[in-house]
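# Fold and geometry: a report
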Amino acid sequence: MLKNIYYLAENILAMPAYWIFGLLPFNNASSIGGFLARTFGSLLPRNELARKNLRRAFPDLDEKQVEETITGMWDNFGRSIAEFPHMNNMDKQAFAKIVEVEGVEYIEQAKQGGKGGLFISAHIANWDMVAKTCAIYDCPLGVVYRRLNNSWLDKLVQDMRECYQTEGIQKGKDGSRQLIKILRRAGHVGILVDQKMNQGIAVDFFGRKAMTATTIATLALKYKCPVIAIRVIRMEGVHFKVTIFPPMEIEKTGDRKVDVLNLMTRINKVVEDWIRDNPAQWIWVHNRWPDE
């Protein structure tokens, strides 16, 4: 009963905010979203988790740097939320005005390879720009996601993303079967690889073991599909740089468990390096190391 009341309250707040941000010019919506998150984010319980994670990942930061990074995190998060209602209506011309893209040739290679591809990224900057970029270059993705607890909000988000993704793929057994079907028909999949996992294997991430899903490595090894990393950086305000990297080299030792661990270790290291370059643009409120 209490959950239903909570979800209803979320809906009452979310719907007007969604329409207001959608009606505002993109830049204004982003600025207001950043301001609101900077102002109220520090009052949320998750703020302390962000502080703890940041201190452990960057023990050399002083208190001022920690607080500045967390403030920057909330600003980026608020902007990304406020920008979301604009993503489906953004055409190629509007996209080109705010996004610089490097490495488009690797998307073209994936499209012409005759097999499915795995595009990986993380919750950095506005992560929806990953799927949006691929759609702009005629390579839409089926995107793996964790279903929101609030079913109404979950439907809203997925309905919006239909404009720039082929389908949403829920985490779990059903989602895994759906993902395999996409790859078998030479489709492409997008996966954010930095989320908390209760299962998987322990892989180094910022010098600490983090449970990490093995889906990417398992599928890449089995179906011989390319693994392509896409990085998004918020340059300033609503301007972004998206970098598509060459397909990752996949080494095979003959031991499947070793191969999976090696590839996931490399992937975690790629994401860690991205975060180290722009720590204020990663969402530190994820409980990435729950056992601690």
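Look up a bit, the structure's there.
Residues numbered from 1 in each chain as written. Predicted model: local features only at pLDDT ≥ 70, side-chain atom pairs only at ≥ 80, totals over all residues. Heavy atoms only, no water.

### Section: a nonpolar patch on the surface
Where we set the bar: Exposure above 30% relative accessible area and the absence of a salt bridge qualify a residue for a patch, where like charges join within 9 Å and nonpolar side chains (Val, Leu, Ile, Met, Phe, Trp, Tyr) within 5 Å. Per-residue and other accessible areas follow the Shrake-Rupley method at a 1.4 Å probe size, with only the shown protein chains counted as cover for residues. Note on definitions: salt bridges are taken to be side-chain nitrogens of Lys or Arg within 4 Å of carboxyl oxygens of Asp or Glu. When accessible area is computed with a 1.4 Å probe and restricted to protein chains, residues below 20% of their type maximum are described as buried, those above 50% as exposed, and intermediate ones as partly exposed.
Among the surface-exposed residues, Ile-32, Phe-35, Leu-36, Phe-40 and Leu-43 lie close enough to one another that they form a single nonpolar patch of about 490 Å² accessible area. A relative accessible area of 36% means that Leu-36 is categorised as partly exposed.

### Observations concerning unusual backbone geometry
Where we set the bar: Strands here mean DSSP runs of E at least two residues long; helices mean DSSP runs of H or I at least four residues long; both are numbered from the N terminus.
At Ala-186, a residue that is not glycine, the phi angle is positive and equals roughly 65°. Within the secondary structure layout, Ala-186 lies in the loop between helix 9 (173-184) and strand 5 (188-192). Given a relative accessible area of 32%, Ala-186 falls into the partly exposed group. Of note in the backbone geometry, Lys-224 takes a positive phi value of approximately 55° without being a glycine. Counting through the fold element by element, Lys-224 comes out in the loop between helix 10 (215-223) and strand 8 (227-236). On the basis of relative accessible area, Lys-224 is assigned to the exposed category, the value being 57%.

### Notes on a positive patch on the surface
To keep it simple, the criterion reads: His is not counted, nor are the chain ends; Lys and Arg add positive charge and Asp and Glu add negative charge. Charge coordinates come from a single atom per side chain, which is NZ of Lys, CZ of Arg, CG of Asp or CD of Glu.
Together, Lys-115, Arg-184, Lys-222, Lys-224, Lys-252 and Arg-256 make up a positively charged patch on the protein surface. By the element assignment, Lys-222 lies in helix 10.

### With respect to the sheet that holds strand 1 (residues 99-102)
Within a beta sheet, neighbouring strands are joined by backbone hydrogen bonds and run either parallel or antiparallel to one another. Stated formally: Strand pairing is assigned whenever DSSP identifies at least 2 bridges connecting the two strands. As a rule, the C-alpha atoms of each element are fitted with a line to give its axis, helices using only the stretch in contact, and angles between N-to-C directions run from 0 to 180 degrees. Residues are treated as being in contact if the distance between any of their heavy atoms lies within 4.5 Å.
With respect to topology, 7 strands assemble into an open sheet ordered 1-9-8-2-5-3-4, the strand pairing being mixed. Where the open sheet ends on each side, the last strands, each with one partner, are strand 1 and strand 4 (165-170). Across this sheet, the average inter-strand angle for adjacent strands is 25°, counted without regard to direction. Judged from the 5 bridges that link them, strand 3 (residues 141-145) and strand 4 form a sheet pairing that is parallel. The residue bridging Gly-142 from the neighbouring strand is Glu-167, located in strand 4. Taken strand by strand, helix 6 (residues 104-112) contacts strand 1, strand 2 (117-121), strand 5, strand 8 and strand 9 (239-244), and its axis lies near 50° from that of strand 9.

### Here's the deal with helix 11 (residues 256-277)
Cut-off, in case you're wondering: In this analysis, the expected span of each helix is defined as 1.5 Å times one less than the number of residues it contains. By the criterion applied in these results, polar contacts are pairs of N or O atoms within 3.5 Å in which, for protein atoms, one can donate a hydrogen and the other can accept it, and in which residues neighboring in sequence qualify only through two side-chain atoms.
Between its first and last C-alpha atoms helix 11 spans 32 Å; for 22 residues at 1.5 Å apiece the expected length is 32 Å, and the two agree. When we look at burial in helix 11, the residues that qualify are Asp-259, Val-260, Leu-263, Met-264, Ile-267, Asn-268, Val-271, Glu-272, Trp-274 and Ile-275. For helix 11, the secondary structure elements touched by its buried residues are strand 2, strand 6 (201-205), strand 7 (208-212), helix 10 and strand 8. Put simply, Asp-255 is the residue that caps the front of helix 11, since its side-chain oxygen is 3.1 Å from the backbone nitrogen of Lys-257.

### Section: the nonpolar core
Stated precisely, the cut-off is as follows: Buried residues of nine kinds, namely Ala, Val, Leu, Ile, Met, Phe, Trp, Tyr and Cys, make up a nonpolar core once their side-chain atoms join them within 4.5 Å.
One finds Leu-118, Phe-119, Met-129, Val-189, Ile-216, Ile-267 and Trp-284 to be the most contacted residues of the largest nonpolar core, which totals 81 residues. Examining the composition of this core, we find that 7 residues originate from one element, helix 11, more than from any other. Contact partners of Ile-267, with chain neighbours within four places excluded, come to Ile-120, Val-193, Ile-216, Val-227 and Met-248.

### Observations regarding the packing of helix 2 (residues 26-40) against helix 4 (residues 63-87)
How we decide: The cut-offs work like this: below 35 degrees is roughly parallel, past 145 is roughly antiparallel, 65 to 115 is roughly perpendicular, and the gaps in between are oblique. With the far helix as reference, a near helix turned anticlockwise by less than a right angle produces a left-handed crossing, and one turned clockwise produces a right-handed crossing. Residues were grouped as follows: Ala, Val, Leu, Ile, Met, Phe, Trp, Tyr, Cys and Pro as nonpolar; Asp, Glu, Lys and Arg as charged; and all remaining residues, including Gly, as polar.
Two elements in contact, helix 2 and helix 4, have axes whose closest approach is 7 Å; the angle formed by their N-to-C orientations is 140°. Classed by the angle they form, the pair helix 2 and helix 4 counts as oblique. For helix 2 against helix 4, the interelement crossing comes out right-handed. Within the contact between the two elements, helix 2 uses Phe-26, Ala-29, Ser-30, Ser-31, Gly-33, Gly-34, Phe-35, Ala-37 and Arg-38 and helix 4 uses Thr-71, Trp-74, Asp-75, Gly-78, Arg-79, Ala-82, Glu-83 and His-86. Classifying every residue of the contact of helix 2 with helix 4 by side-chain character gives 6 nonpolar, 7 polar and 4 charged.

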